[in-house]
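# A closer look at the structure
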Amino acid sequence: MFKIKKKVTAPKLPILYNIIEDYSEFDAPGNVTACAMTLQEDLAAHARVLSESYEVPLETMVKLLTEGGVYVYPQVGGILTRGLFVCRIDPTGTVPKQTWTLDLMQFAEAEQLSQARGIPLDEVAAMVFHRTLPVEFTTKLDQKNLGIDYRTLDRAVAKGGDIKYIDFRKDWSPHFKRLCIMPDGRLVETGGVEEFAQLHGITSAQAKTLVEQGGTLEVNSEILACQIVNGQPAVARFSAKNYAKAKELVATQGLHIMDALSKVAYSDPVMMRSLARKELSGGR
């Protein structure tokens, strides 16, 4: 008697955004990526990803996305090291829900204006934030649905109707996805620091440091390498054998470990085949 194996399908990852307006090439602090959504908000998924990205407690993030408000980052050792996170909700529903962050300088300006004019901090935070954005973008913000001609949109995007929320992001991945080349040549996609950490058997703190700062991390005799290119992380995991080859190049040719790993990768037909497939398919 034969057993029929059931096909197990992985749970489908929630889609957080279906419209991306990239203004990250502008000078800070106006270098944002506007990530918008026309479909109904998946509050749980939205809160989880933003909580992870901005290090805001999940319960607090859920409340912010439900009610709106401001989260001021706590002091570290008596010193304020980060600004604030804002979620602004229009009670009339005319303007989409919006979230953004202010850095320390912007936060100081907002706090000073709030006290001087007696205006709530979230309103002043919006004034300070919008003042720094590129003119090309602020013009679109004044228009409904960012001034997008819905006749040019994909039907799956347009059918959602008006934009429900916009996250003004400054982190390295507006899609919350990263591709990693594995030792066997597979290109594995993960969505979020936690999932990335689980894939490689490392801590969330290690994963966050690696994808934000770049560098290498030894994992069970293998090595994870991350290079930041144009603000985006390129991640690859090397087998123990390839790691040994790279260390030999470091010792014999005086190469930096990242250069040595790149050289090993280019000479590995399995890893290069995956990259070639990715280029041919037009992948990110």
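This write-up is about the structure you can find in this document. (Residues numbered from 1 in each chain as written. Predicted model: local features only at pLDDT ≥ 70, side-chain atom pairs only at ≥ 80, totals over all residues. Heavy atoms only, no water.)

What follows is about the packing of helix H1 (residues 43-54) against helix H2 (residues 58-67). Put simply, H1 and H2 touch, their axes get as near as 9 Å, and they point 125° apart. The orientation of H1 relative to H2 falls into the category oblique. In this structure, the crossing between H1 and H2 has a hand that is right-handed. Contacts between H1 and H2 involve Leu43, His46, Ala47, Arg48, Leu50 and Ser51 on the former and, on the latter, Leu58, Met61, Val62, Leu65 and Thr66. Considered class by class, the residues forming the contact of H1 with H2 number seven nonpolar, three polar and one charged. (Axes fitted to C-alpha atoms, helices over the stretch in contact; angles between N-to-C directions. Helix = DSSP H or I, 4+ residues; strand = E, 2+ residues; numbered from the N terminus. Parallel < 35°, antiparallel > 145°, perpendicular 65-115°, else oblique. Left-handed = near helix turned anticlockwise from the far one by under 90°. Contact = heavy atoms within 4.5 Å. Nonpolar A, V, L, I, M, F, W, Y, C, P; charged D, E, K, R; others polar.)

Another point: the sheet that holds strand E2 (residues 33-37). In space, the six strands of this open sheet follow the order E1-E2-E6-E5-E4-E3, with mixed pairing throughout. Single-partner strands in this sheet number two, and they are strand E1 (19-22) and strand E3 (69-72). Neighbouring strand axes in the sheet, compared pairwise and without regard to direction, differ in orientation by 15° on average. Note: E1 against E2, four bridges, orientation antiparallel. Paired with glutamate 21 across the strands is alanine 34, a residue of E2. Across the sheet, H1 touches strand E4 (84-88), strand E5 (97-102) and strand E6 (165-169), and the angle it forms with E6 is around 15°. Of the strands in this sheet, E3, E4, E5 and E6 are in contact with helix H4 (residues 121-132), which crosses E5 at around 75°. (Pairing = 2+ DSSP bridges.)

Attention now moves to the layout of surface pockets. Quantified by volume, the second largest pocket comes out at close to 480 Å³. For the second largest pocket, the lining is made up of 22 residues, of which Thr94, Val95, Pro96, Lys97 and Ile163 are closest to its centre. Class assignment for the residues of the lining of the second largest pocket results in eight nonpolar, seven polar and seven charged. (1 Å grid on protein atoms, 1.4 Å probe; cavity = no way out; pocket = protein on both sides within 12 Å on 5 of 7 lines; lining within 4 Å. Points joined across faces, edges and corners; volume = space filled by probe spheres on them.)

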